[in-house]
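Listed here are the chains, written in short residue letters.
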Amino acid sequence: MNNKYKKLINTVLEASESSNWGDAVKEWEIVDCDEDENCETICICGKEGLRYLFKIHNVINNKYLYPIGSSCIKKFNIDALYDEANLREKEFELYHIIKENKFIELKGGCFSRKLLKKLYDDGAFLPTKYNDYKPYNDYKFLLDMFNKKKPSDKQLKKSTAIILNSIVPFIRQRIEKTTSENNWSK
């Protein structure tokens, strides 16, 4: 086994209630993610050059570990953690597309069904008169758009409006708040 992963295992076990790796990893959840655009951060395992810095929380003893990279998150071998890490990284990728004023479309790599679900669960969709004050309607509309081979012009305009009026401001606020709270340079 790689020495870095031995260090990861030891660090996680020391901060866990269980002394068994298989049980200890189940005690942890991702609570935050930062981005180091300069990739100058070192993981708790010792790996250098991290871009995405995850903060994990032990739900049993209330301890935190930070920073931990996505490679180490994969070593936990828990699908929910791995999916959460991927979705957090996707949010940063979407943020950079927004920040660079690039065209955002529903298809084309910017979104996935899982990302839309996370955005919905996190409150990105707003109640407006256009969705009958039910954010679920906008979430469902965008989800349905993934299944359309040839959406109409009206559907494309509506999906663009939802993205620009709900998702873009939400992502900007979320990432910029995290960035300023953690003093990361923009």
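Scroll up for the structure.
Residues numbered from 1 in each chain as written. Predicted model: local features only at pLDDT ≥ 70, side-chain atom pairs only at ≥ 80, totals over all residues. Heavy atoms only, no water.

## A closer look at the overall build of the protein chain
Okay, so step 1: In terms of helices and strands, the protein chain carries seven helices and three strands.
Okay, so step 2: Reading the secondary structure of the protein chain in the N-to-C direction produces α-α-β-β-β-α-α-α-α-α.
Okay, so step 3: In terms of overall dimensions, the protein chain has a C-alpha envelope of 55 × 30 × 30 Å along the principal axes.
Okay, so step 4: With 186 residues in all, the protein chain has 40% of them scored as buried.
Okay, so step 5: Here the contacts in the protein chain between residues at least 6 apart in sequence split such that 57% fall between residues at least 24 apart.
Okay, so step 6: Carbon and sulfur atoms make up 48% of the accessible area of the protein chain, which totals about 10700 Å².
Okay, so step 7: For the protein chain, the distance from the average site of its 32 positive side-chain charges to the average site of its 28 negative ones is 6 Å. (Helix = DSSP H or I, 4+ residues; strand = E, 2+ residues; numbered from the N terminus. Buried < 20%, exposed > 50% of the residue type's maximum accessible area, 1.4 Å probe, protein only. Contact = heavy atoms within 4.5 Å. Areas by Shrake-Rupley, 256 points an atom, 1.4 Å probe, with all protein chains shown as cover. Lys, Arg positive; Asp, Glu negative; His and termini not counted. Charge placed at Lys NZ, Arg CZ, Asp CG, Glu CD.)

## What about the side chain of Ser 16?
Okay, so step 1: For Ser 16, the position within the fold is in the loop between helix H1 (3-14) and helix H2 (21-24).
Okay, so step 2: With a relative accessible area of 9%, Ser 16 lands in the buried category.
Okay, so step 3: Side-chain polar atoms of Ser 16 contact the side chain of Trp 28, separated by 2.9 Å.
Okay, so step 4: Sequence-distant contacts of Ser 16, that is, excluding residues within four places in its chain, are made with Ala 24, Glu 27, Trp 28, Asn 58 and Asn 61. (Polar contact = N/O pair within 3.5 Å; in protein donor to acceptor, adjacent residues only side chain to side chain.)

## A few points about the pairing of strand E2 (residues 52-58)
Okay, so step 1: Here E2 lies mainly inside the structure; six of its seven residues are buried.
Okay, so step 2: For strand E1 (residues 28-35) and E2, the ladder comprises seven bridges, and the chain directions are antiparallel. Across the sheet, the residue bridging to Cys 33 is Phe 54, located in E2.
Okay, so step 3: Sheet analysis places E2 next to strand E3 (residues 64-68), joined by three bridges and oriented antiparallel. Bridge pairing in E3 links Phe 54 to Ile 68.
Okay, so step 4: Between E2 and E3, which pair antiparallel one after the other, the connecting turn spans five residues, and Asn 62 there sits at a positive phi close to 65°. (Pairing = 2+ DSSP bridges.)

## Quick word on the nonpolar core
Okay, so step 1: Ranked by size, the top nonpolar core spans 49 residues in total, and within it Ile 68, Phe 111 and Ile 167 carry the most contacts.
Okay, so step 2: Setting aside its immediate chain neighbours within four residues, Ile 167 contacts Leu 94, Phe 111, Leu 116, Leu 119, Ala 124, Phe 125, Leu 142 and Ile 162. (Core = buried A, V, L, I, M, F, W, Y, C linked by side-chain atoms within 4.5 Å.)

## With respect to helix H4 (residues 79-99)
Okay, so step 1: Counted at 1.5 Å a residue, the expected span for H4 with its 21 residues is 30 Å, and the 30 Å between its end C-alpha atoms agrees.
Okay, so step 2: Inspection of H4 places Leu 81, Ala 85, Leu 87, Arg 88, Glu 89, Glu 91, Phe 92, Leu 94, Tyr 95, His 96 and Ile 98 among the buried residues, and these make up the whole buried set.
Okay, so step 3: Backbone geometry just after H4 places Asn 101 at a positive phi near 55°. (Expected span 1.5 Å × (residues − 1).)

## Looking at the packing of aromatic side chains
Okay, so step 1: Applying the stated criterion to the full structure yields seven aromatic pairs.
Okay, so step 2: Seen in terms of ring centroids, Tyr 120 and Tyr 136 are 5.8 Å apart; in terms of plane orientation they differ by 75°. Their pairing is edge-to-face. Of the two residues, Tyr 120 sits in helix H5 (residues 113-121) while Tyr 136 sits in helix H6 (residues 135-145), which places them 16 residues apart along the sequence.
Okay, so step 3: By the ring-pair criterion, three or more aromatic residues cluster together here, those being Tyr 120, Phe 125, Tyr 136 and Tyr 139.
Okay, so step 4: A cation sits over an aromatic face here: Lys 55 above Tyr 64, 5.0 Å from the ring centre.
Okay, so step 5: A cation over an aromatic ring shows up here: Lys 75 above the ring of Tyr 5, its NZ or CZ 4.3 Å from the ring centre. (Phe/Tyr/Trp six-rings, centres within 6.5 Å; stacked < 30°, edge-to-face > 60°. Lys NZ or Arg CZ within 6 Å of the ring centre and 35° of its normal.)

## Some points on the side chain of Asn 61
Okay, so step 1: For Asn 61, the location among the structural elements is in the loop between E2 and E3.
Okay, so step 2: A polar side-chain atom of Asn 61 sits 3.0 Å from the main-chain amide nitrogen of Lys 63.

In short, the description is geometric, and any link to function would need to be established separately.
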